[in-house]
Amino acid sequence: MIYDVVISGAGPAGAMAARVLAEAGIKVIAFDKAKLPWRKPCGGGVPEHVFSEGLLDYNEFKKNKIIDKDTKNLYLRAPSGKELVIETPGETVVDRKIFDQYLRDKATDAGAEIQDQTSVRDLIRNQDGFVSGVKIKGPGGIQEISSKILIVADGVGSKLVVKGGLRKKWLATDYAICAVALIEGYIEQPPLSDSMQIYIDENVAPNSYAWLFPMANNRANIGIGIWKKSEKRPMEFLIRLTEQPFFKKKLDETKFKIFWKSSYPIPIQGVKGRTYGDGIMGVGDAMGFVAPIIGEGIFSALLTGKLAAETAIKALEIGDYSKAVLKEYQKSWVKYGLKEGYNFQRMMRDGIVEGGNINESFNKLIDWALEDEYNKNLLGELFVSGTSLAGNIPPELIKKLGEELIPKLSSSK
Ligand SMILES: Cc1cc2nc3c(=O)[nH]c(=O)nc-3n(C[C@H](O)[C@H](O)[C@H](O)COP(=O)(O)OP(=O)(O)OC[C@H]3O[C@@H](n4cnc5c(N)ncnc54)[C@H](O)[C@@H]3O)c2cc1C
């Protein structure tokens, strides 16, 4: 079987790429190893810039009941117990089982093929070294599928991007391990029930943060991250979160129940390697397109899926799938500002974590934000508008952060 484009993975990045290609009349298939629909372990926070940048249509999203809950604030809780509520453009909380299926339906409605329970095992190269297809294992056994272009969208555990020479294997410090759960019995009132809630505390989420994202009908998505600590049992940390006195107040003890839980890694060092080669491009988590402070990757997955598909369309038009042509994809996401944004976020994050005492650093950060409204809003931007800031970070903000905040944080060493 010959396809113009084969996509490995049908999460947000793969489904978006499939849709854009199919809309342009390209013969495209996406393989996913999961039995669909599956629920990717995730906080399910869809940032506002997914809609304002035109990647998805909010009204259609609403009409199709993909929205579980719209939030309007960011809530931060320091280890000291000090709290901050910042008005933000808001994030839309979704159930990934519903959200991802919606994205795949958009792709198949446009004419893409999606085949589940089929894992892409290896690349095939032609005599010139170009990627020219894949080996898959699905219900029909092992098969070879030919492609002109391969888009690798198979998430953080991608082996294909390594085999394709795009990046090296992750180092242990390149990703955080998260535990996530969907709960019932969440009973808070506004403004907290309308807030994306972030808690920093070394004892609950070592070198990372814990979250509660409210959902409709007294449900919520809760989770913790662990980074740079060889902790084998993230779920124990998540249970510890639910036992904290400040957290228990949010729950109706008689109704509180975890009805789904899972653990999963998330890349948090930004993009590593080159995102294109002869006949191949890498998108989404597979390449590390995740904002290093907050771990937001849905926006970048959708964006890079779209940009890679647009480059593939141009390459197919001229019949040239070489890296000389596919490098346009890399240029487009750099031009968009993702690289600059990730570097900036990494610098900020490392300022907090590498300060030596994350609890103390974060207490200072919250005190700094409580000093004035400008600082507070800036912190809101850093946390919830990370990637939209990319490329548009006003120089005076960088200066203010560099001169005022970073020295404060490093003085907690
Ligand atoms: C706990 C957690 C919480 C998060 N919370 C948020 C959040 O609130 N907001 C946010 O924006 N981001 C969040 N993220 C990040 C977000 O989940 C990812 O950035 C996003 O899902 C990336 O999309 P993707 O399509 O690149 O990869 P994925 O969503 O991981 O999709 C990859 C797909 O590829 C398939 N696959 C894997 N291997 C193969 C193979 N060999 N062959 C075929 N198919 C394969 C998988 O089954 C999967 O469907 C979170 C991540 C984690 C782990």
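Residues numbered from 1 in each chain as written. Predicted model: local features only at pLDDT ≥ 70, side-chain atom pairs only at ≥ 80, totals over all residues. Heavy atoms only, no water.

Caption draft 1: Examining the overall build of the chain more closely. Within the chain one finds 14 helices and 18 strands. The C-alpha atoms of the chain give 21 Å as radius of gyration, which agrees with the globular expectation for 413 residues (22 Å, within 12%). With the principal axes as the frame, the chain shows a C-alpha extent of 60 × 50 × 40 Å. The 413 residues of the chain split such that 59% are buried. (Helix = DSSP H or I, 4+ residues; strand = E, 2+ residues; numbered from the N terminus. Rg over C-alpha atoms; globule rule 2.2 N^0.38 Å. Buried < 20%, exposed > 50% of the residue type's maximum accessible area, 1.4 Å probe, protein only.)

Caption draft 2: Quick peek at the side chain of R167. With respect to the helices and strands, R167 occurs in the loop between α5 (160-163) and β12 (175-184). Within the buried core, R167 has no salt-bridge partner, and the shortest N-O distance to an opposite charge, that of D174, equals 6.9 Å. Here A286 takes part through its backbone oxygen, which lies 2.8 Å from a polar atom of the side chain of R167. (Lys, Arg positive; Asp, Glu negative; His and termini not counted. Salt bridge = Lys/Arg side-chain N within 4 Å of Asp/Glu carboxyl O. Polar contact = N/O pair within 3.5 Å; in protein donor to acceptor, adjacent residues only side chain to side chain.)

Caption draft 3: Main features of the pattern of salt bridges. Counted according to the given criterion, the structure contains 19 salt bridges. In this structure, D194 engages K72 in a salt bridge whose closest nitrogen and oxygen atoms are separated by 3.9 Å. Of the two residues, D194 sits in the loop between β12 and β13 (195-199) while K72 sits in the loop between β4 (69-70) and β5 (73-77), which places them 122 residues apart along the sequence. The exposure class of D194 is buried, given its relative accessible area of 13%. In this structure, the salt-bridge partner of D122 is K163, at a minimum N-O distance of 3.6 Å. You can see D122 sitting in strand β9 (residues 119-125) and its partner K163 sitting in helix α5, a full 41 residues away along the chain. When its relative accessible area of 25% is taken as the criterion, D122 is described as partly exposed.

Caption draft 4: Region of the structure containing the sheet that holds β12. Strand order in the open sheet made by the 7 strands is β6-β5-β13-β14-β15-β12-β16, with mixed pairing throughout. The open sheet terminates on both sides in strands that have one partner only, identified here as β6 (83-87) and β16 (257-267). Put simply, the sheet's adjacent strands are angled 15 degrees from each other on average, direction ignored. Strand direction decides the pairing type here: β13 and strand β14 (residues 210-214), joined by 3 bridges, are antiparallel. Opposite Q197, over in β14, you have L212 as the bridge partner. The sheet strands contacting helix α6 (residues 234-243) are β12, β13, β14, β15 (219-226) and β16, and the helix crosses β15 at an angle near 125 degrees. Contacts from helix α11 (residues 358-371) reach β5 and β6 within the one sheet, and its direction differs from that of β6 by about 50 degrees. (Pairing = 2+ DSSP bridges. Axes fitted to C-alpha atoms, helices over the stretch in contact; angles between N-to-C directions. Contact = heavy atoms within 4.5 Å.)

Caption draft 5: Summary view of the domain arrangement of the chain. By domain assignment, the chain separates into domain 1 (2-40 + 98-170 + 272-336), domain 2 (45-96 + 173-266) and domain 3 (341-410). Counting residues at the interface gives 23 residues for domain 2 and 21 residues for domain 3. Taken over both partners, the interface formed by domain 2 and domain 3 buries close to 1800 Å², and the fraction arising from carbon and sulfur atoms is 71%. Summed over the shared surface of domain 2 and domain 3, the result is 1 salt bridge. The salt bridge partner of K82 is D367, with a shortest N-O separation of 2.8 Å. On inspection of domain 2 and its partner domain 3, the count reaches 4 residue pairs in polar contact (both at pLDDT 80 or more). Secondary-structure elements contributing two or more residues to the side of domain 2 that touches domain 3 are β5 and β6. Tallying contributions element by element places β6 first for the side of domain 2 that touches domain 3, with 4 residues. Here the side of domain 2 that touches domain 3 is composed, by residue class, of 11 nonpolar, 5 polar and 7 charged. (Domains from an automatic or database assignment. Buried area = accessible area lost by both parts, 1.4 Å probe. Nonpolar A, V, L, I, M, F, W, Y, C, P; charged D, E, K, R; others polar.)

Caption draft 6: View of the pairing of β15. Burial runs high along β15: 8 of the 8 residues are buried. Of the two faces of β15, the one lined by R219, N221, G223 and G225 and the one lined by A220, I222, I224 and I226 are each fully buried. For β12 and β15, the ladder comprises 8 bridges, and the chain directions are antiparallel. Within the sheet, the bridge partner assigned to I183 lies in β15 and is A220. Of the strand pairs in this sheet, β14 and β15 are connected by 5 bridges, and their pairing is antiparallel. When the sheet's bridge partners are listed, F213 is paired in β15 with N221. From the end of β14 to the start of β15, which pair antiparallel, there are 4 residues, and N217 there has a positive phi angle of about 55 degrees.

Caption draft 7: Broad picture of the site of the ligand. Near the ligand you find 37 residues, and of these D32, G43, G45, V120 and D285 are the closest. One nitrogen or oxygen atom from the side chain of R96 is found 3.0 Å from an oxygen atom belonging to the ligand. In the environment of the ligand, a nitrogen atom lies 2.8 Å from a nitrogen or oxygen atom belonging to the backbone of V120. About the coverage of the ligand: the protein hides 95% of its 1000 Å² of free accessible area. (Near = heavy atom within 4 Å. Areas by Shrake-Rupley, 256 points an atom, 1.4 Å probe, with all protein chains shown as cover.)

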